[in-house]
Number of protein chains: 2
Amino acid sequence: MTDNARPPSSRTSKALKTPGAQPVVAAVLDDTDRKLLALLAEDATRTYAELGKLLFLSAPAVHERARRLKKEGVIKATVATLDAARLNRPLLAFVHVDTTSWAVTRQLLALKELSDVEEIHTVTGESAMLLKVRTRDTQTLEQLLARIHAIEGFTGTRSYIALTTYLERGPSPEL
Amino acid sequence: MTDNARPPSSRTSKALKTPGAQPVVAAVLDDTDRKLLALLAEDATRTYAELGKLLFLSAPAVHERARRLKKEGVIKATVATLDAARLNRPLLAFVHVDTTSWAVTRQLLALKELSDVEEIHTVTGESAMLLKVRTRDTQTLEQLLARIHAIEGFTGTRSYIALTTYLERGPSPEL
DNA sequence: CTTGAAACGCGCTATCT
DNA sequence: AGATAGCGCGTTTCAAG
């Protein structure tokens, strides 16, 4: 929508000298980069000219930085943020799954096909896995729990239903 | 060119009788709306022409739907998704805060100023609040916990550190 | 809803400092 | 590294079917 795809250019890109395997570590960012990322993380529909005024840069300069940050993978994607309530998903829950064997993990990964499931993590502590799920009602949540209980090798689940969400956002740069 | 490859778009809207107040409820969405939302939720940089091909619609028609969905608040924003690891935040943790009084909630809301904190919810269960935080290292996490412990009126915190994140995405339309 | 056309804004490139 | 100028795509609106 806002990313005009143009024919590939023969632009000279500096080949980063990365000795050894590709390091998945922190990128090198200056203050302007961080401010730009913070701005894009809250609203990616702004024009480069507009961003330029906020950053005291020209539009092409902002464009160049954004291009570099995308290429480096700091900006993973640009997505639309949807309102869960208007999508008929008012019920948010965090489900801790206590397992006895790691084989259960593989079974739980199949849950990513369900649009109800937003997050799947393995975690430390007494429970081995943590799910963030958003359903239409408690019955749909119960169906989801029943599906988890059908898997062998876990000791139980504990669900925490969100009453009010005061803050919910993605990763943002420090400072 | 007018082949009938167009899928039927049935208006299967949830009438959703709300007897009381609560003005914010599910929007009326047909199948095309849901597909469009799913597409935009995964990549909002596509052109309207491109979306039109995927949805068997013309570009102006897609534009009209997107405009309506934004106006109705189904699409809350369009944001850049950042890579936490490259932002120097490799440590993801969920912190359960056990409180004795609801007054603690107000104190915790001040934490939203910190860029480390991504989510703040009040939840059911033995713990009253749940935080999703992302820090650079364990020491930074400890500082954050120390800040919470400085607040009066809670019995303790339990932290679950994410080992691997297998899935992490925002709300998407059902089906 | 469609196609077609037209005007405008802006992404993007090129060139220079 | 950043600024300025300009091309051209894509968005956006309008008309007619």
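Residues numbered from 1 in each chain as written. Chains lettered and ligands numbered in written order. Predicted model: local features only at pLDDT ≥ 70, side-chain atom pairs only at ≥ 80, totals over all residues. Heavy atoms only, no water.

Caption draft 1: Structural view of the overall build of chain A. Each helix and strand in chain A was counted, giving five helices and five strands. Order of helices (α) and strands (β) in chain A, N terminus to C terminus: α-α-α-β-β-α-β-β-α-β. Going through the 175 residues of chain A one by one, you find that 41% of them count as buried. Sequence separation of 24 or more characterises 65% of the internal contacts of chain A that already satisfy a separation of 6 or more. (Helix = DSSP H or I, 4+ residues; strand = E, 2+ residues; numbered from the N terminus. Buried < 20%, exposed > 50% of the residue type's maximum accessible area, 1.4 Å probe, protein only. Contact = heavy atoms within 4.5 Å.)

Caption draft 2: Seen up close, the relation of the copies chain B and chain A. When chain B is fitted onto chain A, the two copies agree to an RMSD of 0.1 Å after a turn of 180 degrees and an axial shift of 0.0 Å. Here the copies are linked by what is in effect a two-fold axis. Within chain B, B:Val79 has its C-alpha nearest the rotation axis, a separation of 2.8 Å. When the interface residues of chain B are mapped onto chain A, 91% of them again lie at the interface, so the same face is used by both copies. (Least-squares fit on C-alpha atoms with pLDDT ≥ 70 in both.)

Caption draft 3: Here's a closer look at the domain arrangement of chain A. With domains assigned, chain A is organised as domain 1 (31-72) and domain 2 (85-161). One C-alpha centre belongs to domain 1 of chain A, the other to domain 2 of chain A; they are set 37 Å apart. (Domains from an automatic or database assignment.)

Caption draft 4: Examining the sheet that holds strand β4 (residues 129-135) of chain B more closely. As summarised here, the arrangement of the eight strands in space is β2(A)-β4(A)-β3(A)-β5(B)-β2(B)-β4(B)-β3(B)-β5(A), forming a closed barrel in which the pairing is antiparallel. Sheet twist, expressed as the average angle between the axes of neighbouring strands with direction ignored, equals 35 degrees. The pairing of strand β3 (residues 117-123) of chain B with β4(B) spans five bridges and is classified as antiparallel. Within β4(B), the residue paired with B:Glu119 across the bridge is B:Lys132. Sheet strands in contact with helix α5 (residues 138-149) of chain A are β2 (91-99), β3 (117-123), β4 (129-135) and β5 (154-168) of chain A, and its direction is about 145 degrees off that of β5(A). Most of the contacts of helix α5 (residues 138-149) of chain B go to strand β5 (residues 154-168) of chain B, to which it runs at about 145 degrees, and overall it touches β2 (91-99), β3, β4 and β5 of chain B. (Pairing = 2+ DSSP bridges. Axes fitted to C-alpha atoms, helices over the stretch in contact; angles between N-to-C directions.)

Caption draft 5: Fine view of the pattern of salt bridges. Applying the stated criterion to the full structure yields 32 salt bridges over all chains. Salt-bridge contacts for A:Arg34 lead to A:Asp31; the nearest nitrogen and oxygen are separated by 2.9 Å. Of the two residues, A:Arg34 and A:Asp31 both sit in helix α1 (residues 31-42), three residues apart, roughly one turn of that helix. The class of A:Arg34 is partly exposed, set by a relative accessible area of 23%. Residue A:Asp116 is joined to A:Arg89 by a salt bridge in which the shortest nitrogen-to-oxygen separation is 2.4 Å. In this pair, A:Asp116 sits in the loop between α4 (103-109) and β3 while A:Arg89 sits in the loop between β1 (75-82) and β2, placing the two residues 27 residues apart along the sequence. For the pair shown, A:Asp116 and A:Arg89 are each scored as buried. Taken together, the salt bridges that share partners define one network made up of A:Glu118, A:Glu119, A:Lys132, A:Arg134, A:Glu168, B:Glu118, B:Glu119, B:Lys132, B:Arg134 and B:Glu168. (Salt bridge = Lys/Arg side-chain N within 4 Å of Asp/Glu carboxyl O.)

Caption draft 6: A look at the interface of chain B and chain A. Taken residue by residue, the interface counts 77 residues in chain B and 73 residues in chain A. When chain B packs against chain A, the two sides together hide about 6900 Å² of surface, and 56% of this comes from carbon and sulfur. Broken down residue by residue, the surface that chain B buries against chain A is led by B:Leu82, B:Arg86 and B:Tyr160, which jointly contribute 11%. Between chain B and chain A we count two salt bridges in total. Of the charged contacts, one joins B:Glu119 and A:Lys132 as a salt bridge, the two residues approaching to 2.8 Å between their closest N and O atoms. (Buried area = accessible area lost by both parts, 1.4 Å probe.)

Caption draft 7: Looking closely at the nonpolar core. In this structure, A:Val97, A:Leu108, A:Leu111, A:Ile120, A:Leu131 and A:Val133 are the most contacted members of the largest nonpolar core, which totals 21 residues. Every element with two or more residues in this core is listed here: β2, α4, β3, β4 and α5 of chain A. With sequence-adjacent residues up to four places away left out, A:Ile120 is seen in contact with A:Leu108, A:Leu109, A:Leu111, A:Lys112, A:Met129, A:Leu130, A:Leu131, B:Thr164, B:Thr165, B:Tyr166 and B:Leu167. In this structure, B:Ala93, B:Leu108, B:Ile120 and B:Ile148 belong to the second largest nonpolar core, which totals 20 residues. (Core = buried A, V, L, I, M, F, W, Y, C linked by side-chain atoms within 4.5 Å.)

Caption draft 8: Spatial organisation of helix α1 (residues 31-42) of chain B. Between the first and last C-alpha of α1(B) there are 17 Å, a value that for 12 residues agrees with the 16 Å anticipated at 1.5 Å per step. Buried positions along α1(B) lie against β1 of chain A together with α2 (48-55), α3 (59-71) and β1 (75-82) of chain B. By the N-cap criterion, in which a side-chain oxygen at the helix start approaches the backbone nitrogen of a residue two or three places on, α1(B) is capped by B:Asp30, the distance to B:Thr32 being 3.2 Å. (Expected span 1.5 Å × (residues − 1). Polar contact = N/O pair within 3.5 Å; in protein donor to acceptor, adjacent residues only side chain to side chain.)

Caption draft 9: Quick look at the packing of α2(B) against α3(B). Residues and elements named next belong to chain B. Running from amino to carboxyl end, α2 crosses α3 at an angle of 100 degrees, the nearest separation of the two axes being 8 Å. Put simply, α2 runs roughly perpendicular to α3. For the pair α2 and α3, the contacting residues are Tyr48, Ala49, Leu51, Gly52 and Leu55 in the first and Ala59, Val62, His63, Ala66 and Lys70 in the second. Of the residues in the contact of α2 with α3, the class split is seven nonpolar, two polar and one charged. (Parallel < 35°, antiparallel > 145°, perpendicular 65-115°, else oblique. Nonpolar A, V, L, I, M, F, W, Y, C, P; charged D, E, K, R; others polar.)

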